[in-house]
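What follows is the residue order along each chain.
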Amino acid sequence: MITGDMTDHPPAAHRTRLAVAVALAGTAISPAVISPAMAADGASEETRAGLPVITVTSPVGVERSLLSGTRLDDRTLATEGVSTSDTASLLDHLPGVSLQGAGQLSSLPIIHGLADERIRTRVDGMDLIAACPNHMNPPLSYLSPAQVGEARVWAGITPVSVGGDSIGGTIEVDTLPATFAESGEGVIHEGEIGAFYRSNGNARGGDVSATLATEAVSLTYSGGISEADNYDAGGDFKTFTETGRPGHELPLDEVGSTAYKTRNHLLGLAVKNGDHLVEAKFGYQDMPYQLYPNQRMDMTENTQKRGTLRYAGEFDWGELEARAWHEVVDHEMDFGDDKQFWYPTGIPCSPIAGKPSAPGDPAPCAAGMPMLTESENTGARLMASLNLASGDTLRLGTEYQRYRLDDYWPPSGAGMWPDTFWNIRDGQRDRMAVFGEWESRVAKDWTVLAGLRYERVMSDAGDAVGYNDTPGQMNKQYEDAQTFNARDHERTDNNVDLTALARWEIDASRTLEFGLARKVRSPGLYERYPWSTWAMAAVMNNFVGDGNGYVGNLDLDPEVAYTASAAFDWHAPNDAWALRIAPYVSFVEDYIDAQRLPKFADATERFVVLQYVNQDALLYGVDIAGHMPLAQTDWGRFGLEGALEYTYGENRDTNDGLYNIMPLNARAALTHAFGGWNSAVEVEAVAAKDDVSDARNELETGGFALVNLRAGYQWGRVRVDVGVDNLFDRLYADPTGGAYLGQGKTMTIDPSKGPAPWGISVPGPGRSLHAGVTVSF
């Protein structure tokens, strides 16, 4: 059992590779960005936000920019795409970024200890929001890894032109860009098709992309399918096999509720005329199921339809970009195949009925617990970049977002009877923002940036309604609803962000960056409006995966983060070697943490119910990353790359640890490249986690080390990738994976009514072999 004691003409493949950039310490004025075409050329220069971005291909497979960015090269990312179907996990190797465990397609990025809605995440320029009380459909879950054309991360301190309504940083992911024919080429057609297989969980899938284009018009389609069964841990991590379903048991090493199936489609149409581009993209996701090992419910259907229209133009005075989008999500949850469906006995019953109210009434019988969420998301953005006579750049912009959400639970019997439970009714969250940003090269070796952003966030929700509005029930649905309904639900926040950044290029080998920022985030709908203190209802409102229940708070104030960071970059002029050290500190005023309801004040070794509250918090840490060559021989280039990350988080009001802080961790990889061949041996080490959130009874985890192998070969238009993750089949607890709730009677909060007792961490996957092939045409 895992417990707290566990210790030519570039081929199409080049045009469609992923580019990832990261601001390591959050002090980036602009991240390093490499387009797929650039990657094919090895070294290129472009301009973003008025600053030149210079990239040089590193001999060890990691590229670094003088503008504080770090990106993984295309070959490494191609390998990662074979080993995972979780798009968020592509960012996991980047310094300062870790992952909060969820479903196998829906990890939540963590930047310097701050996760989920504390990070602004944009997909093709759209601000997407998880429409689920468990945040099962976060923004990056709507893309397969092969659909990603470019990804950028600003950690901590972000320019106001890319930040807003966030305190942890910004993630921007764009799908494959439009490709146009060169002058005189006529009509071109190109594409890519690939397939993959992973042994652990029998994961399999495929991706395809195709483009038909002239010099002025480009039509592109990309799509992907992926599915998997439950994965196995590296050994037995539990002592029970029951699932709550007669005749269905799970082996002691099988991690329940980790299966998934998804289908993603994207159609793009772009028209170009000189320096002007108009582009429309239409996306559709059909996810029949995604099961969750750290939640009491599973996703039984998720459908997303989205469309975005973008204009980008260059003028004598500068650049103009406009974008508008609309998204509709229909989301369903219930108990998946590994969790008890029939209540209270686990045996199919009839008729569906509530609790008896008179002699002769049928016994209580519940068929699952359907939970439905519907959302609409509409937004627009306009930004102008003005080239001033002084050579400076002034960026002015405005943004608008209108978000609507309904979260309701139809009656299913027993205690969930006879009416529909409205968790959030007529939820509204609207944002309006304006910003200004000035950027200047004040001296030959100095660049500075300063920005101001004002944002107005308005939220509201309708009246609460429980399953049963009869007064005097033990679960207090009626009383809680009356208390909530008696208050005004509308809230308006006026938020101001400030950012100041500077970069000093000391010489050809040394760069120093530093910055200060004030960032503000308003509470989300699932932090303000869930109203029931009933334990069964509260545990369904949980987006951190700790097994506890959460109650909203109408009195929450916005979080205000004051952040300082610096980064020293020491590198060879040709980038053959590099070392970057980036410390940071952030004080968060009115950090949204949680405190226990009085009934659970002294509870230990069990799940509890908490309410969101504002308290102050302190986070600090350091990211260290580097690479160096080892040898250049007749057998190819050998190199070494590595990274080390440390984050500490504390609630300053209670002196308790902040939840889900990744412990000290490090990676090192021995790399080899020879012609079309590349390979790596990677070691990943994670320290024990003993600074935990006592308020949540967060589980401690032991330290561990893993060994992974990667190899790939590019032969013309064909690429083959193979690898092994967790080579020695190590059993380990994921320190940010949450509490195991993957099987059994998960509706109850009382661990004595198991199976699925308190005290088991979600284990990471055991050994897995993977292979993939990609053919471009």
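Every value quoted in this text rests on a predicted model; they were computed, and no experiment measured them. (Residues numbered from 1 in each chain as written. Predicted model: local features only at pLDDT ≥ 70, side-chain atom pairs only at ≥ 80, totals over all residues. Heavy atoms only, no water.)

## With respect to the packing of aromatic side chains
Test applied: Ring pairs shown here join Phe, Tyr and Trp side chains whose ring centres sit within 6.5 Å, with only the six-membered ring taken for Trp; geometry is labelled stacked below 30 degrees between planes, edge-to-face above 60, and tilted in between. Put simply, DSSP marks the helices as runs of H or I at least four residues long and the strands as runs of E at least two long, and each gets a number from the N terminus on. Only protein chains enter the accessibility calculation, which uses a 1.4 Å probe. A residue is then buried if its area is under 20% of the maximum for its type, exposed if over 50%, and partly exposed in between. Charge over a ring is defined by NZ of Lys or CZ of Arg lying within 6 Å of the ring centre and within 35 degrees of the ring normal.
Considering all chains together, one arrives at 16 aromatic pairs under this definition. Seen in terms of ring centroids, Phe237 and Tyr740 are 5.1 Å apart; in terms of plane orientation they differ by 90°. Their pairing is edge-to-face. Residue Phe237 is located in the loop between β15 (217-228) and β16 (242-245), and its partner Tyr740 is located in the loop between β38 (718-725) and β39 (768-776); the two are separated by 503 residues in the primary sequence. Taking the relative accessible area as the measure of exposure, Phe237 reaches 0% and is therefore buried. Geometrically, the ring pair formed by Tyr467 and Trp534 is edge-to-face, given 6.2 Å between the ring centres and 85° between the ring planes. Linking Tyr467 in the loop between β27 (446-460) and α4 (477-485) with Trp534 in the loop between α5 (525-528) and α6 (535-538), this pair joins segments that are 67 residues apart in sequence. In this pair, the class of Tyr467 matches that of Trp534, namely buried. Taken together, the ring pairs connect Trp409, Phe421, Tyr467, Trp531 and Trp534 into an aromatic cluster. The residue whose ring lies beneath Arg296 is Phe607, and the NZ or CZ to ring-centre distance is 4.9 Å.

## Quick look at the layout of surface pockets
Note the threshold: Of the two site types, the cavity is a set of points on a 1 Å grid over the protein atoms alone where a 1.4 Å probe fits but cannot get out, and the pocket is an open set with protein on both sides within 12 Å along at least five of seven lines, each lined by residues with an atom within 4 Å of a point. Grid points are joined across faces, edges and corners, and a volume is the space filled by probe spheres set on the points.
In this structure, the second largest pocket spans a volume of roughly 1,100 Å³. Lining the second largest pocket are 36 residues, and of these Lys355, Gly415, Asn475, Trp534 and Met536 sit closest to its centre.

## A short note on the side chain of Asn548
Basically, it comes down to this: N or O atoms closer than or at 3.5 Å make up a polar contact, with two conditions inside protein: a donor-capable atom paired with an acceptor-capable one, and, for residues adjacent in sequence, both atoms drawn from side chains. Between two residues, a contact is recorded if the distance between any of their heavy atoms is within 4.5 Å.
Structurally, Asn548 can be placed in the loop between α6 and β30 (549-551). Residue Asn548 is classed as buried on the basis of its relative accessible area of 0%. At 2.9 Å, the side chain of Asn548 forms a polar contact with the side chain of Asp546. In terms of polar contacts, Asn548 uses its side chain to reach the backbone amide nitrogen of Val608, at 2.8 Å. Setting aside anything within four residues of it in sequence, one finds Asn548 in contact with Ala538, Val539, Asn542, Phe607, Val608, Leu610 and Arg696.

## Side note on the sheet that holds strand β7 (residues 108-111)
Worth spelling out the cut-off: When DSSP locates at least two bridges between a pair of strands, those strands are taken to pair.
Spatial strand order, β6-β7-β8: 3 strands in an open sheet with antiparallel pairing. On the outer flanks of this sheet lie β6 (97-100) and β8 (114-115), each paired with one strand and no other. In terms of strand pairing, β7 meets β8 through 2 bridges, oriented antiparallel. Its bridge partner being in β8, Ile110 is matched across the sheet by Ala115.

## Here we look at unusual backbone geometry
Residue Pro344 is reached from Tyr343 by a cis peptide bond, and omega for that bond is 15°. Residue placement: Pro344 occurs in the loop between β22 (342-343) and β23 (366-367). Backbone torsion omega between Ser350 and Pro351 reads 0°, so that peptide bond is classified as cis. With respect to the element layout, Pro351 can be found in the loop between β22 and β23. Unlike most non-glycine residues, Ser257 shows phi in positive territory, near 60°. The backbone of Asn697 shows a phi angle near 55°, a positive value even though the residue is not glycine.

## Looking at the state of the cysteines
The condition is simple: Cysteine sulfur pairs qualify as disulfides if the two atoms are within 2.5 Å.
Summed over the entire model, instances satisfying the criterion amount to 1 disulfide. Between the sulfur atoms of Cys349 and its disulfide mate Cys365 the distance is 2.0 Å. Between Cys349 and Cys365, the S-S torsion sits near 90°, and that sign places the bridge as right-handed. Here the residue Cys349 occupies a position in the loop between β22 and β23, and Cys365 occupies one in the loop between β22 and β23, the gap between them amounting to 16 residues. Using a relative accessible area of 24% as the deciding quantity, one classes Cys349 as partly exposed.

## With respect to the pattern of salt bridges
This is how it is decided: What counts as a salt bridge is simple: a side-chain nitrogen of Lys or Arg found within 4 Å of a carboxyl oxygen of Asp or Glu.
Within this structure, the stated rule accounts for 46 salt bridges. One salt bridge in this structure joins Asp92 and Arg667, with 3.1 Å as the shortest N-O distance. Taken together, the positions of Asp92 in the loop between α3 (74-83) and β6 and Arg667 in strand β35 (residues 665-674) put the pair 575 residues apart, joining distant regions of the chain. Given a relative accessible area of 13%, Arg667 falls into the buried group. Notably, a salt bridge pairs Arg453 with Glu455, separated by 2.9 Å at the nearest N-O pair. Glu455 matches Arg453 in its accessibility class, with the two residues each being buried.

## Thoughts on α4
Rules: Taken from the helix axis, the directions to the C-beta atoms give the arc we talk about.
Every buried residue of α4 is accounted for by Gln477, Asp480, Ala481 and Phe484. Considered in projection along α4, the buried side chains sweep an arc of 100° and stay on one side of the axis. Looking at the buried positions of α4, the neighbouring elements they touch are β26 (421-443).

## A short note on the nonpolar core
We count it as follows: Buried residues of nine kinds, namely Ala, Val, Leu, Ile, Met, Phe, Trp, Tyr and Cys, make up a nonpolar core once their side-chain atoms join them within 4.5 Å.
One finds Met369 and Met540 to be the most contacted residues of the largest nonpolar core, which totals 85 residues. Those residues in contact with Met369, other than ones at most four positions away along the chain, are Met297, Met333, Asp334, Phe335, Trp409, Ser412, Met416, Tyr467, Met536, Met540 and Met747.

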